[in-house]
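# Structure assessment
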Amino acid sequence: MSSIKKGRFIAFEGIDGSGKSTQIRMLADKLRSEGINCYETREPTDSPIGSLVHNIMTGRITADNRAVTALFAADRIDHLTNSVNGIAAQIDKGVTVLTDRYYFSSYAYHSVDIDMDWVIGCNRVSADILKPDVTIYVDIPVKTALERISAGRAFTELYETEERLTKVRENYFKAFEKLSGSENIEIVDGTGTVGEIFERICDIYNAL
């Protein structure tokens, strides 16, 4: 009996308001229409650890930046290894997984306040367990992102200020350069129409 072909693992990244969540839904719909079993997920998760992270991000709970980084890393490990709906198990079953954020989010956001190498080290377990087949970064200007955030939400989260998002965007590219030899990274211009951006993402997927 032949073994089941493993599913693909695609991580979507971008600053808040980049439109990546819309692109994930569109790609998932396309894959399902082609008969491909697809699982959409996101980070932070809705697990007990992820719920604590959400409370910190919305300001309901305060915590040291190192503790926040460690909580994200713990949530990510559980996201990968959870026996009910963990990413690794899904991929082993032949399911293609699309995640809205993965460890590059931590590298970009948390290294605003903490040394990036420390953050990368904190997430090494996840990188050792599973690297994405491709990380797709949807790139947009910070001012555009903030306009979308203010139009679509009743409140802002911890990282959603112009100064911080500017540093986050810079950190994404710093992390991409630092890890270019060990990660498959594709940068997509996110300033076009939704359809134009989707075509670029489909081209990346089809090239895998």
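Residues numbered from 1 in each chain as written. Predicted model: local features only at pLDDT ≥ 70, side-chain atom pairs only at ≥ 80, totals over all residues. Heavy atoms only, no water.

## Regarding the side chain of S106
Considering the arrangement of structural elements, one finds S106 in helix α5 (residues 103-110). Aside from chain neighbours lying at most four places away, what touches S106 is F72, R76, S111, V119 and N123. (Helix = DSSP H or I, 4+ residues; strand = E, 2+ residues; numbered from the N terminus. Contact = heavy atoms within 4.5 Å.)

## Quick notes on the nonpolar core
In globular proteins that are soluble, nonpolar side chains generally tend to be buried together. Of all hydrophobic cores here, the largest spans 34 residues; its most connected members are I15, F104, Y107 and Y172. Going through the elements one at a time, β1 (9-13), α4 (87-92), α5, α6 (116-122), α8 (142-152) and α9 (162-178) are the ones with two or more residues in this core. Residue contacts for F104: discarding those within four places in its chain leaves E13, T135, Y172, A175, F176, L179, E183 and I185. Of all hydrophobic cores here, the second largest spans 17 residues; its members include F12, L27, L98 and I204. (Core = buried A, V, L, I, M, F, W, Y, C linked by side-chain atoms within 4.5 Å. Buried < 20%, exposed > 50% of the residue type's maximum accessible area, 1.4 Å probe, protein only.)

## Details of unusual backbone geometry
Cis geometry marks the peptide bond from E43 to P44, where omega comes out at -5°. Note that P44 resides in the loop between β2 (38-42) and α2 (48-57). At R101, a position not held by glycine, the phi torsion is positive, near 90°. In this structure, R101 sits in the loop between β3 (96-100) and α5. Here R101 falls in the buried class, since its relative accessible area comes to 10%.

## A word on the state of the cysteines
Throughout this description, disulfide means a covalent bond between two cysteine sulfur atoms. Summed over all chains, the structure comprises zero disulfides. No disulfide involves C38; its sulfur sits 12 Å from the nearest other cysteine sulfur, which is in C202. (Disulfide = S-S within 2.5 Å.)

## Some details on the side chain of T96
Residue position: T96 is located in strand β3. For T96, a relative accessible area of 4% gives the class buried. Looking at T96, its side chain comes within polar contact range of the main-chain nitrogen of R8, at 3.4 Å. Residues contacting T96, with those up to four places away along its chain left out, are G7, R8, L31, I36, N37, C38, Y39 and Y205. (Polar contact = N/O pair within 3.5 Å; in protein donor to acceptor, adjacent residues only side chain to side chain.)

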